[in-house]
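So you can see what is in the structure, the chains are spelled out below.
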Amino acid sequence: MQFIDLEAQQKLIRADVDRRIAAVLDHGKYIMGPEVAELEEVLAEYVGSEHAISCSSGTDALVMPLMARGFGPGDIVITSPFTFMASAEVISLLGATPVFVDIDPVTYNMDPDALEKAIEAIQKGDRSIYPLPENLDFENSRLAAVIAVDMFGLPADYPRIEAICKAHDLLLIEDAAQSFGGAIGDARSCSFGHVATTSFFPAKPFGCYGDGGMIFTNDADLADVMRSIRVHGKGEDKYDNKRIGLNARLDTLQAAILLAKWELFGDEVDARQRIADRYASLLASEVPAVTPPATPEGFSSAWAQYTIRCGGRRADYQAALSDAGIPSAVYYPSPLHLQTAYAQLGYVKGSLAASEEASADVLSLPFGPYLRDEDMDKVVACLARV
């Protein structure tokens, strides 16, 4: 059994993948070839965004809008500590200061109440209101942006988070690396905030066979700046550099692979939901000691992972699965505010309790649109024996 079965998907589209790769090899436009523009057009239409800017990774997708807005030393950007390093790393790379806001313990996404408290604490320079970095210079800092992360495929509470950011004039970035294919009502993931980003890392709900990412926005001026940043800050041509930029282009070959995968994506989103529903039903009847993931009313998840709470017995469940030859994974064993890279911020254990408790108790089970019922039954039966 595989944790994520990419082989089953490839078998369905291998001929089309080969055909599209051959087309790239034939036309030889390996950098910014026609498939890149085609993919941008297809995904912009799907999301409902006016602009889609492809790039070389989900991390570059996050750093480019921050660069486009000129963020750096003296700027504060709020994000979640319960996520992969990239969500905060991009803030630090530009010299800005990350402030971590705790999660909702049910959805694992940024808690809007905690966000409001953190903003108040920053504005008043009062750490008693909410935990803030020890080295935060209130006098010479400016609260600039929020990066909200869509965890495990579920969009964050954007109706509330958008309203909070609008009230305080903050740039809002939706980090939808895991949630492409999810939605809130009729609004699809990657349509929230001023800018939204996603990742095409192979394990994502919509992934390529390497690295890649996409940025979505309705802001034409911001889109133009990010297109410039993507190619070394170019102006009218690559030797007319208007700003400092990156080498952050999406490879034409990866765009071609994604276009082949796109033919399956709608069916895969439906399959992920069916499998998640079946997991939830089985766990409720066979393993009531664990807590399946929850989806708030009106929200839909892309189900990047299927993650349970273990009630303090994660090591037992993970060992039992391992003994049975069943893979599992922990996303994320240590929240960012307690990692060595951010020791200088001065957060201590207990600062952001919900994130810390989640890191100590979550376990992701084998999942994907091609997970067989018999494999799911084997996973649940193994957990039930613990």
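Refer to the structure printed above.
Keep in mind that what you see is a predicted model, and the values were worked out from it rather than measured.

A.B. asks: Could you give me a rundown of the packing of helix H3 (residues 58-68) against helix H4 (residues 86-93), with the residues and numbers involved?
C.D. replies: Where H3 meets H4, the axes come as close as 9 Å, and the angle between the chain directions of the two elements is 40 degrees. Taken together, the axis directions place H3 and H4 in an arrangement best described as oblique. Crossing of H3 against H4: the hand is right-handed. Taken together, the residues of H4 that come into contact with H3 (itself represented by Thr59, Leu62, Val63 and Leu66) are Ala86, Ser87, Glu89, Val90 and Ile91. Taken together, the residues that form the contact of H3 with H4 break down as six nonpolar, two polar and one charged.

A.B. asks: Which residues make up the nonpolar core, and what are the values?
C.D. replies: Ranked by size, the top nonpolar core spans 35 residues in total, and within it Ile78 and Leu115 carry the most contacts. Counting residues per element, the ones that place at least two in this core are strand E2 (75-79), strand E3 (97-100), helix H5 (112-124), strand E4 (142-149) and helix H6 (158-167). Among the elements that line this core, the one with the most residues is H5, at six residues. Setting aside residues no more than four positions away along its own chain, Leu115 makes contact with Ile78, Val101, Met110, Val146, Ile161 and Ile164.

A.B. asks: Could you give an account of the side chain of Gln178, with specific residues and numbers?
C.D. replies: Counting through the fold element by element, Gln178 comes out in the loop between strand E5 (171-175) and strand E6 (183-184). A distance of 2.5 Å separates a polar side-chain atom of Gln178 from the backbone nitrogen of Phe152. Reaching out from Gln178, the side chain makes a polar contact with the side chain of Tyr332 at a distance of 2.9 Å. Setting aside residues no more than four positions away along its own chain, Gln178 makes contact with Asp150, Met151, Phe152, Gly153, Lys204, Pro205, Ala302, Ala304, Gln305 and Tyr332.

A.B. asks: Give a detailed account of the sheet that holds E3, specifying residues and quantitative values.
C.D. replies: Taken in spatial order, the seven strands of this open sheet run E1-E9-E8-E5-E4-E2-E3, and their pairing is mixed. The sheet terminates laterally at strand E1 (51-55) and E3, the two strands that pair on one side only. Across the sheet, the mean angle from the axis of one strand to that of its neighbour is 25 degrees, orientation sign disregarded. The sheet contacts of helix H2 (residues 34-47) involve E1 and strand E9 (213-217), and relative to E9 the element is tilted by about 50 degrees. The sheet strands contacting H6 are E4 and E5, and the helix crosses E5 at an angle near 155 degrees.

A.B. asks: Lay out a nonpolar patch on the surface with the relevant residues and their values.
C.D. replies: Taken together, Leu25, Tyr30, Ile31, Met32 and Leu253 make up a surface patch of nonpolar side chains, about 440 Å² in accessible area. The topology assignment puts Tyr30 in the loop between helix H1 (6-27) and H2.

A.B. asks: Explain the pairing of E9 residue by residue, including any values.
C.D. replies: A regular strand carries its side chains on alternate faces of the sheet. In terms of residue burial, E9 counts as a mostly covered element, since five of its five residues are buried. Direction of pairing for E1 relative to E9: antiparallel, over a ladder of five bridges. Following the sheet pairing, Ala52 is matched in E9 by Phe216. Across five bridges, strand E8 (residues 195-199) lies against E9 in antiparallel orientation. What sits directly across from Ala196, in E9, is Phe216.

Scoring rules and cut-offs
Residues numbered from 1 in each chain as written. Predicted model: local features only at pLDDT ≥ 70, side-chain atom pairs only at ≥ 80, totals over all residues. Heavy atoms only, no water. Axes fitted to C-alpha atoms, helices over the stretch in contact; angles between N-to-C directions. Helix = DSSP H or I, 4+ residues; strand = E, 2+ residues; numbered from the N terminus. Parallel < 35°, antiparallel > 145°, perpendicular 65-115°, else oblique. Left-handed = near helix turned anticlockwise from the far one by under 90°. Contact = heavy atoms within 4.5 Å. Nonpolar A, V, L, I, M, F, W, Y, C, P; charged D, E, K, R; others polar. Core = buried A, V, L, I, M, F, W, Y, C linked by side-chain atoms within 4.5 Å. Buried < 20%, exposed > 50% of the residue type's maximum accessible area, 1.4 Å probe, protein only. Polar contact = N/O pair within 3.5 Å; in protein donor to acceptor, adjacent residues only side chain to side chain. Pairing = 2+ DSSP bridges. Patch = residues over 30% accessible without salt bridge, like charges linked within 9 Å, V, L, I, M, F, W, Y side chains within 5 Å. Areas by Shrake-Rupley, 256 points an atom, 1.4 Å probe, with all protein chains shown as cover. Salt bridge = Lys/Arg side-chain N within 4 Å of Asp/Glu carboxyl O.

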